[in-house]
Amino acid sequence: MTNLDDGAPAGGDVRQSALNVLLRRMRIESDFPALSEAIGAINRIASSDREGVNELSNNILKDFALTNKLLRLANVAFYNQVGGGSISTISRAVVILGFDAVRSIALSLILFDNLENKAHAQQLKEEFVKVLYAGMLAREMAGKAQVKDVEEAFIGAMLHNLGRMLAMFYFPAETAAIRQRVEAEGHSDARASTEVLGVSFENLGMGIARSWGFPDQLVQSMKKLPGGTLKPCANNTDRLRVLAGFSNELCEVILSTPDDDRGKALAKLTARFSAALPVPEEQLSGVMEKSMQDIAQFALAVNVNLKHSAFAQQASKWAGMAVAPAAAPPALEADADAPRDGVSAIETELSSSVLHEYAAILDAAPGEDGGKPQRSSEEIQSVLTSGLQDVGNSLIDDNISINDILRMILEAMYSGMGFAHVVLCIKDGRYNTLRGKFGFGDGVQNLIKAFDFSLAGQPDVFLVALQNNADILITDIDDPKIATRIPAWYRQNVPARTFVLFPIIVKGKPIGLIYADQPDPGGIMIPEKELALLKSLRNQAVLAIRQSL
């Protein structure tokens, strides 16, 4: 493979200087830092050896719109080919689809959502449809190209023209000038973009991809391929680069070739790649048809009408099919038969804090808003019910671990009720303590470390909940009636003023505890129907642990 690293060191310095100028201009835009942080965070998680699944889920859940779109995509046929029923939590999506698939969906959605809200949105949507289709093609051909990771193939093809996409969004005037030079003077994209921007589209994209923390193999796949017939690939990086190049070149051929010249153009393209990516021309039709089906489902989730896309219309002709709207994901149903545990007696000073199964709606104190959720009660119930469905589907799947099921339960509580944090604590029998295991919310890792307390101490609110199998809501830790029951370790390490506890009791013994909080007094209200659903989720945790014993 020809080495495309161009320029002597001095040329590299000039290019880097021009890139730095462009980056400074982009950072002035209010949305670019947020875009960079969102993508950078996911790449940091992907490269970490720590609890990647929990961190990825937690990061995605911070963005409500991203969460909803990702879950819609997780349920369409092109991703959810392994079955398992409806997916309504990010935790289950990671389990069913795999970490890399959820990562690639999230990255593509983040890019699209951050690159659409401008005056030239339609032009950008058209460009996005094209690079998304290139990603679908690469994903479909990864096996033929001997690329080990299909999701890496998808991301590599999508990033291949990142520089041009970003220039269209952040530098529309310069992009128009570049297009004029290409059309009027016959300059290449690389020459025209370098003359106008001081750096080529290719180097702009690669520089930003590096700053976002993409691995070097993906960054290298963004390099343009040399002209003429390509040589066989020497390694996986070469294969990834060739696959990204082929997918994007095919998109350009589709867009620029008259229908009558289709056969000739495809023959020329496949001949150029014959040694590096042997995909016979007759197989391309099936690949293009499958990719068009996939992109139709993806477009539904991001609200792009493919009938308004000139590229999609042309690509559909080449694939031998009409553009049709994808089917909506299946509806989520409640698990109406979830078991429920009763509540026994409790010490007098905590009796008013017990959440009985059919308690009346818990009102805030006069003059307080009670931290009422912005979403309606019906919306909250829908999220909790969908979570129950997720857990129910997972309980009958022998391939899903107990930890994954418990994550789904916590996520449903966290995203449904809008708690600031949710933490699962599990008993450590060696030391007779209860310790934080995992959870959701900003800074949750520090909170998890705070939960490490003895089960043999004085009967504080945590021990009372466990010993009496009582669900407890503390509306204000400084309320004189219960202030003495708040342990010192909690006051020293946890800033939240209100919290709720759901003990996990298996065969009469305390095994764990689900903790959820809000920072301000009175910040948690749990109406009757929501309470029943939360208890049902906790009972699913009891059932899951019981099955694992």
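Predicted, not measured: the structure shown is a model, and the values here were computed from it.

(A) A look at the packing of helix H4 (residues 64–74) against helix H5 (residues 90–97). Running from N to C, H4 and H5 cross one another at 35°; their axes reach a closest spacing of 10 Å. Crossing hand, H4 versus H5: left-handed. Contacts between H4 and H5 pair Thr67, Leu70, Leu71 and Ala74 from the former with Ile90, Ala93 and Leu97 from the latter. Classifying every residue of the contact of H4 with H5 by side-chain character gives six nonpolar, one polar and no charged.

(B) Looking closely at unusual backbone geometry. Here Asn432, not a glycine, exhibits a phi torsion of approximately 55°, which is positive. Along the chain, Asn432 turns up in the loop between strand E1 (421–428) and strand E2 (433–440). What makes Asn432 partly exposed here is its relative accessible area of 31%. Phi at Lys507 is positive, roughly 55°, even though this residue is not glycine. A residue is classified by how much of its surface remains accessible, and Lys507, at 67% relative accessible area, is exposed.

(C) Spatial organisation of the confidence of the model for the protein. Chain-level statistics for the protein give a pLDDT mean of 82 and a share of 84% at 70 or above. The secondary structure element of the protein with the lowest average pLDDT is helix H1 (residues 9–28), at 73, and the one with the highest is E1, at 96. In the model, residues 322–346 has pLDDT below 50 throughout and makes 54 contacts with residues more than four positions away in sequence or in other chains.

(D) How the structure looks around the side chain of Ser316. Along the chain, Ser316 falls in helix H17 (residues 310–318). Take Ser316: its relative accessible area is 3%, and that puts it in the buried class. At 2.6 Å, the side chain of Ser316 forms a polar contact with the backbone oxygen of Gln313.

(E) Structural view of the packing of aromatic side chains. Counted by the stated rule, this structure contains 19 aromatic pairs. A ring pair is formed by Phe32 and Trp212, whose centres lie 6.2 Å apart and whose planes are at 35°; its orientation type is tilted. In this pair, Phe32 sits in helix H2 (residues 31–46) while Trp212 sits in the loop between helix H12 (201–211) and helix H13 (216–220), placing the two residues 180 residues apart along the sequence. Ring geometry for Phe451 and Trp489: centres 5.2 Å apart, planes at 70°, overall edge-to-face. You can see Phe451 sitting in the loop between helix H20 (444–450) and strand E3 (452–454) and its partner Trp489 sitting in helix H22 (residues 488–493), a full 38 residues away along the chain. Exposure class is identical for Phe451 and Trp489. Each is buried. Linked through ring pairs, Phe451, Phe453, Phe462, Trp489, Tyr490, Phe499 and Tyr515 together constitute an aromatic cluster. When the ring centre of Phe438 is taken as origin, the NZ or CZ atom of Arg407, which lies over that ring, is 4.9 Å away.

(F) Structural detail: the environment of Val383. Tracing the backbone shows Val383 in helix H18 (residues 377–395). In this structure, Val383 is in contact with Arg375, Ala412, Ser415 and Gly416, ignoring residues within four places of it in sequence.

(G) Main features of the nonpolar core. Counting 150 residues, the largest nonpolar core has Tyr133, Trp212, Phe214 and Met288 as the members making the most contacts within it. If you tally residues by element for this core, the top one is helix H7 (residues 121–141), at 11 residues. Excluding its chain neighbours within four sequence positions, the residues that come into contact with Trp212 are Phe32, Leu35, Ser36, Ile39, Gly40, Asn43, Leu111, Leu162 and Leu166. Counting residues in hydrophobic clusters, the runner-up holds 30 residues, among them Leu463, Leu466, Ala470 and Ile482.

(H) Highlighting helix H6 (residues 99–114). In this model H6 runs 22 Å from its N-terminal to its C-terminal C-alpha over 16 residues, within 8% of the 22 Å that 1.5 Å per residue would give. Among the 16 residues in H6, 14 count as buried, and that is most of the element.

(I) The pairing of strand E5 (residues 498–506), seen in detail. Burial runs high along E5: nine of the nine residues are buried. Burial along E5 is two-sided: the residues Thr498, Val500, Phe502, Ile504 and Val506 and Phe499, Leu501, Pro503 and Ile505 are all buried. Across three bridges, the pairing between strand E4 (residues 472–474) and E5 is antiparallel. Bridging from a neighbouring strand, Ile474 pairs with Phe499 of E5.

(J) Highlighting the packing of H18 against helix H19 (residues 402–417). As a packed pair, H18 and H19 sit with axes 8 Å apart at the nearest point and diverge in direction by 175°. Comparing their axes, H19 and H18 come out roughly antiparallel. On H19, the residues touching Ile380, Val383, Leu384, Gly387, Asp390, Val391, Ser394 and Leu395 of H18 are Ile405, Met408, Ile409, Ala412, Met413, Ser415, Gly416 and Met417. A breakdown of the residues in the contact of H18 with H19 according to their chemical character gives 11 nonpolar, four polar and one charged.

Analysis parameters
Residues numbered from 1 in each chain as written. Predicted model: local features only at pLDDT ≥ 70, side-chain atom pairs only at ≥ 80, totals over all residues. Heavy atoms only, no water. Axes fitted to C-alpha atoms, helices over the stretch in contact; angles between N-to-C directions. Helix = DSSP H or I, 4+ residues; strand = E, 2+ residues; numbered from the N terminus. Left-handed = near helix turned anticlockwise from the far one by under 90°. Contact = heavy atoms within 4.5 Å. Nonpolar A, V, L, I, M, F, W, Y, C, P; charged D, E, K, R; others polar. Buried < 20%, exposed > 50% of the residue type's maximum accessible area, 1.4 Å probe, protein only. pLDDT = per-residue confidence, 0-100. Polar contact = N/O pair within 3.5 Å; in protein donor to acceptor, adjacent residues only side chain to side chain. Phe/Tyr/Trp six-rings, centres within 6.5 Å; stacked < 30°, edge-to-face > 60°. Lys NZ or Arg CZ within 6 Å of the ring centre and 35° of its normal. Core = buried A, V, L, I, M, F, W, Y, C linked by side-chain atoms within 4.5 Å. Expected span 1.5 Å × (residues − 1). Pairing = 2+ DSSP bridges. Parallel < 35°, antiparallel > 145°, perpendicular 65-115°, else oblique.

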